Amino acid sequence: MSIQKIYQYPDPVLRKKTERINVFDENIKKLVEDMVETMYDAPGVGLAAPQIGKSIKLIVVDITEDPEGEKKYMVMINPEITAHEGSQLDEEGCLSVPELTANVNRYKGITVSYQDLEGNSLELSTENRFAVVLQHEIDHINGVLFLDHLSSLKRSLYKKKVTKWLVKN
Ligand code: NI
């Protein structure tokens, strides 16, 4: 297992089209282990494969219930939102969009179809905060960042800030 580099905005890999996963082998299991280690090291509550430079439809999300207890996570392969209802506004941040948190409007509840590490087809319905995390990570595998959901003013302010950092470094 090893911690992977997390790519940051405006790296083009975050916008690249991702491929479906059709082979459920040891390589995917190893990649998932790396992603989980990278997510907890950051630390974050979710990580999508494009964030470590892999253009495939794979996300990992933290589902730990007891903060003192053992870490638990969930792996979703080829996830897709198949139904949604309502809306909610909640604060988001992203390991690939440093130094920014903002309120984002999302669906209140969603149903996601996905595959597990063995390739079994599954479905999950959830709402509130966990639904936000899933929508955020599924956006990543569609080349979308939470930044894209903000007003054009907020987005351009952030772009200016990043440009300044890039010039300095
Ligand atoms: Ni993110």
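The text that follows walks through the structure, step by step, so that each part is easy to find.

Counting 15 residues, the largest nonpolar core has Val32, Met35, Ile56, Leu58 and Val60 as its most contacted members. Secondary-structure elements contributing two or more residues to this core are α1 (26–41), β2 (58–62) and β3 (73–85). When residues in this core are grouped by element, the largest group, six residues, is from α1. When sequence neighbours within four positions are dropped, the list of residues in contact with Met35 reads Leu47, Ala48, Ala49, Ile52, Leu58, Ile59 and Val60. Among the nonpolar cores identified, the runner-up in size contains 14 residues, and Leu14, Leu100, Val104 and Tyr158 belong to it.

Next up on the list: the packing of aromatic side chains. Per the counting criterion, the structure on display carries two aromatic pairs. Between Tyr9 and Tyr158, the ring centres sit 5.8 Å apart and the planes meet at 45°, which makes this aromatic pair tilted. With a gap of 149 residues between them, Tyr9 in the segment before α1 and Tyr158 in helix α3 (residues 152–168) connect regions that are remote in the sequence. Comparing Tyr9 with Tyr158, the two get one shared label, buried. Judged by centre distance (6.3 Å) and plane angle (85°), the rings of Tyr158 and Trp165 are edge-to-face. Here Tyr158 falls in the buried class, since its relative accessible area comes to 2%. On the basis of relative accessibility, which here comes to 27%, the residue Trp165 falls in the partly exposed class. Grouping aromatic residues by their ring pairs yields a cluster made of Tyr9, Tyr158 and Trp165.

Calculation criteria
Residues numbered from 1 in each chain as written. Predicted model: local features only at pLDDT ≥ 70, side-chain atom pairs only at ≥ 80, totals over all residues. Heavy atoms only, no water. Core = buried A, V, L, I, M, F, W, Y, C linked by side-chain atoms within 4.5 Å. Buried < 20%, exposed > 50% of the residue type's maximum accessible area, 1.4 Å probe, protein only. Helix = DSSP H or I, 4+ residues; strand = E, 2+ residues; numbered from the N terminus. Contact = heavy atoms within 4.5 Å. Phe/Tyr/Trp six-rings, centres within 6.5 Å; stacked < 30°, edge-to-face > 60°.

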